[in-house]
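Structural description and commentary
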Amino acid sequence: MAGDILVVAEHRDGKLAGATFELVALGRSLARQSGGTVKVALLGHGAAIAPRLAEYADVLAVDDPHLEHYSPGGYEQALHAIVESVSPRAILLLHSSQGFDLAPALAVAFDAPLVTNCVALVFDGPVLVATRKILNDKVVVEIEVSSERPYLATVRPAAVKAAEPLPSSATVTHMHVSIDPAKLGATFLRAEKPEVQDIDIATADIVVSAGRGIKEKKNLALVEEFAKLLGGVVGASRPLTDMEWLPKTRQVGQSGKTVRPKLYIACGISGAMQHVSGMKDAGTIIAINTDPSAPIFEVAHYGFTVNVLELLPAAMKELRSG
Amino acid sequence: MALNIIVCVKQIPNPDLQFQINAEGTDIRRDALNYRTNGADEYALEEAVRLKEKHGGRVTVVTAGPKRTEQMLREAIAKGADEAIRIAYDDPAAYDAMRVARVLAAAVKSIPHDLVLTGVQSDDYIHSLTGIVIARTLGHPHASVVTKVALDGTTLTANRELEGGDQEVVTVPMPAVLTIQFGINTPRYAPLPAIMKAARQPIKELTPAAVGASSWDAFAAGYTFRVRRLTPPESKGRAEIFAGGVADQAKKLAQLLREKGFYRG
């Protein structure tokens, strides 16, 4: 029916992206406002995850050999059929690598308005109000979009709490859509997994991460010395691994590793969303950054605002002199 | 094969700075902003220039923005672009990224191309949609978050970055659009003689008429889009911030680490 909210499930290698359940939670709250229900679109081939999704919402499943791997054209064809069939009021996707690739293409194909990277969504009558964080999360902007067409939105992972399961499982409806293999767009060739030869920062109890605030590669030695003193390992924010100061295996964040150590110390890291999503669940978070308005202090438990290159040697001296 | 490559670039307010919201709450204050080229676009330009150096062809940089963006375009020429086009789209705020993307798509359509590169996102509004809107509007295959590009004959393959360090390799039929991820290469610095030369190079200006429209309003889609308000982020105030100089804060940090049992020396 017209008030339904369609959530596009994201999965790879037979595993659902956990943030799909955050979309379900947001979809439920939107559906309450629009007078519909949440439906989850599951596109794939031979994936046995439909029953797990049905614990949370009605599932519309399309199974086709050409959907074994994600392709923008394959997904667009399947979603076109689903949207024709259920006429949703809004379609929600994750603001993820797949969401970047798919949502804008759907917006053009469906002639639908799109708001990306949202942290909150509500209906104000027929108007969709989207909240976004911009300029390194230093400004919050509320956008109003109004259209007769279904709204498309991508939602930033970890912006809302994941949904709880329903008291009893919902239904799984299998839809038959024939996917034209000539219209997949870019097509999957192979997967590449990172080679693991380095230490695994995801298993460490203490992670001391360095960011752009350490200024020069030679200052990594200081961070390493500090980490060693605490019996921890050194992680990094993206700019440092891009500059190859540390290997990619040390990168904390959305495109790197998710870590949940007992102690996380962020040294000269501003705290962009991509980084924070990979460390926000650490037990204790200490942030050191000279910019008191840096978003890292929003997730940190303790904040130090002096130059990290001066603070670390002084703190080590304090610790050693006991 | 020789490639005609278009790179779409954007000039953004440096997001590392502080921002103030205007009195109406509809935009940031723009009277004293420091602008720079969007980071991911620098990587896209470098990748285009490298492809040209390897396979031959031509690199055209395109932006949609006011006169101030000409400086960015000249820098791009100094770094190896052959031609620069400024779409005279002078909306300093431009919150409706879909609309700007449609304007860019119309401009790209008017320039011969085999490949279009954009940055994966712009660091001011972080939409991550421009490249893919251009692709789908023109009916071109696309790949996003690209960390490696390889061209073998006429077959283009791209590595896409997924979450958790995983990647996938995809084949992209041309003409194609790729959105380029940070770190794909090391962008070069422009040599001084090239900077001098670029300062004299004309920059082509594109008006709505050049793409067959009466005004840029023709690219508004069938929906209304409005900025309701801008606000500073709500401070959760979670962090307990320590004050004082280095010596004081070092003492506090050492004390904290001991109290929490993270240092047992």
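Residues numbered from 1 in each chain as written. Chains lettered and ligands numbered in written order. Predicted model: local features only at pLDDT ≥ 70, side-chain atom pairs only at ≥ 80, totals over all residues. Heavy atoms only, no water.

A word on the interface of chain B and chain A. Tallying the contact residues gives 83 residues for chain B and 87 residues for chain A. Both sides of the chain B and chain A interface together cover about 7400 Å² of buried area, and 55% of this is carbon and sulfur. For Arg228 of chain B, the salt bridge is made with Asp124 of chain A, and the minimal N-O distance between the two is 2.8 Å. At the boundary of chain B with chain A, the tally comes to 44 residue pairs in polar contact (both at pLDDT 80 or more). Of all the secondary-structure elements, those providing two or more residues to the side of chain B that touches chain A are α4 (130-138), β7 (142-152), β8 (155-161), β9 (167-172), β12 (224-231), β13 (240-242) and α6 (246-259) of chain B. The element that contributes the greatest number of residues to the side of chain B that touches chain A is α6 of chain B, accounting for 10 residues. (Contact = heavy atoms within 4.5 Å. Buried area = accessible area lost by both parts, 1.4 Å probe. Salt bridge = Lys/Arg side-chain N within 4 Å of Asp/Glu carboxyl O. Polar contact = N/O pair within 3.5 Å; in protein donor to acceptor, adjacent residues only side chain to side chain. Helix = DSSP H or I, 4+ residues; strand = E, 2+ residues; numbered from the N terminus.)

A separate point is unusual backbone geometry. Residue and element names in this part refer to chain B. Here the amide bond leading from Met174 into Pro175 is cis, since omega sits at 0°, within 30 degrees of zero. Mapping Pro175 onto the fold places it in the loop between β9 and β10 (176-180). For Ala94, which is not a glycine, the phi torsion comes out positive at approximately 45°. Note that Ala94 resides in the loop between β5 (83-87) and α3 (97-109). What makes Ala94 buried here is its relative accessible area of 17%. (Buried < 20%, exposed > 50% of the residue type's maximum accessible area, 1.4 Å probe, protein only.)

Spatial ordering of the open sheet is given by β12(A)-β9(B)-β8(B)-β7(B)-β10(B)-β6(B)-β1(B)-β4(B)-β5(B)-β11(B), a layout of 10 strands whose pairing is mixed. Each of the sheet's edge strands pairs with one partner strand only, and the pair in question is β12 (187-192) of chain A together with β11 (204-206) of chain B. Strand-to-strand twist of the sheet, defined as the mean angle between neighbouring strand axes without regard to direction, takes the value 30°. Packing against the sheet, helix α1 (residues 39-55) of chain B makes contact with β1 (3-8), β4 (57-64), β6 (115-119), β7 and β10 of chain B, and its axis sits at approximately 150° to β6 of chain B. (Pairing = 2+ DSSP bridges. Axes fitted to C-alpha atoms, helices over the stretch in contact; angles between N-to-C directions.)

In this fold, Val149 of chain B is placed in strand β7. Residue contacts for Val149 of chain B: discarding those within four places in its chain leaves Glu47, Leu51, Leu156, Thr157, Leu178, Ile180 and Ile184 of chain B.

Within the secondary structure layout, Thr116 of chain A lies in strand β7 (residues 114-124). On the accessibility criterion, Thr116 of chain A (2% relative accessible area) is buried. At a separation of 2.8 Å, a polar atom in the side chain of Thr116 of chain A contacts the main-chain carbonyl oxygen of His127 of chain B. What Thr116 of chain A contacts, discounting residues up to four positions off in sequence, is His95, Arg132 and Thr154 of chain A together with Ile126, His127 and Leu129 of chain B.

Turning our attention to the packing of aromatic side chains. Throughout the structure, instances matching the rule amount to 9 aromatic pairs over all chains. For the ring pair Tyr302 of chain A and Phe242 of chain B, a centre distance of 6.3 Å and an interplane angle of 15° mean the geometry is stacked. A residue pair is termed interchain when its members come from two chains, as with Tyr302 of chain A in strand β17 (residues 302-304) and Phe242 of chain B in strand β13. Taken together, the aromatic side chains of Tyr302 and Phe304 of chain A together with Phe242 of chain B make up a single cluster linked through ring pairs. Seen from the ring of Tyr35 of chain B, Arg68 of chain B lies directly overhead, with NZ or CZ sitting 3.6 Å from the centre. (Phe/Tyr/Trp six-rings, centres within 6.5 Å; stacked < 30°, edge-to-face > 60°. Lys NZ or Arg CZ within 6 Å of the ring centre and 35° of its normal.)

With mixed pairing, 10 strands are arranged side by side in an open sheet as β11(A)-β5(A)-β4(A)-β1(A)-β6(A)-β10(A)-β7(A)-β8(A)-β9(A)-β12(B). The open sheet has two free edges, formed respectively by β11 (172-175) of chain A together with β12 of chain B, since each of these has just one partner strand. Looking at each pair of strands side by side, their axes are set apart by 30° on average, direction ignored. Both strand β5 (residues 58-63) of chain A and β11 of chain A contribute to a ladder of 4 bridges, which runs parallel. Bridge assignment links Val59 of chain A to a residue of β11 of chain A, and that residue is Val172 of chain A. Packing against the sheet, helix α1 (residues 20-34) of chain A makes contact with β1 (5-8), β4 (38-44), β6 (90-94), β7, β8 (127-134) and β10 (151-155) of chain A, and its axis sits at approximately 170° to β1 of chain A. Along the sheet, helix α3 (residues 72-86) of chain A makes contact with β1, β4, β5, β6 and β11 of chain A, crossing β4 of chain A at roughly 150°.

Time to look at the pattern of salt bridges. Any two side chains of opposite charge can pair, on the condition that their charged atoms come close. All names here are of chain B. This model, assessed by the stated rule, comprises 38 salt bridges over all chains. The salt bridge partner of Lys10 is Asp124, with a shortest N-O separation of 3.1 Å. Within this pair, whereas Lys10 is found in the loop between β1 and β2 (11-13), its partner Asp124 is found in the loop between β6 and α4, the two being separated by 114 residues in sequence. Classification of Lys10 by relative accessible area gives partly exposed; the value is 27%. Exposure remark for Asp124: the relative accessible area of 3% places this residue in the buried category. Salt bridges linked by common partners bring Lys67, Glu70, Arg74, Arg86 and Glu205 together as one network.

Here the focus is the domain arrangement of chain A. Residues and elements named next belong to chain A. Structurally, chain A comprises domain 1 (5-183) and domain 2 (201-321). The distance between the C-alpha centroids of domain 1 and domain 2 comes to 34 Å. In this complex, domain 1 contributes 9 residues to the contact, which on the side of domain 2 involves 5 residues. Roughly 580 Å² of surface becomes buried between domain 1 and domain 2 when both sides are summed, with 61% attributable to carbon and sulfur atoms. Taken together, the connections running from domain 1 to domain 2 amount to 0 salt bridges. Residue classes in the side of domain 1 that touches domain 2 are distributed as 2 nonpolar, 4 polar and 3 charged. (Domains from an automatic or database assignment. Nonpolar A, V, L, I, M, F, W, Y, C, P; charged D, E, K, R; others polar.)

Residue and element names in this part refer to chain A. Their axes nearest at 10 Å, the elements α3 and helix α4 (residues 97-109) cross at an angle of 50°. Relative to α4, α3 is oriented oblique. Read as a crossing pair, α3 and α4 show a hand that is right-handed. Where α3 approaches α4, its residues Pro72, Tyr75, Glu76 and Leu79 are matched on the opposing element by Gln98, Asp101, Leu102, Ala105, Leu106 and Ala109. Considering only residue class, the contact of α3 with α4 consists of 7 nonpolar, 1 polar and 2 charged. (Parallel < 35°, antiparallel > 145°, perpendicular 65-115°, else oblique. Left-handed = near helix turned anticlockwise from the far one by under 90°.)

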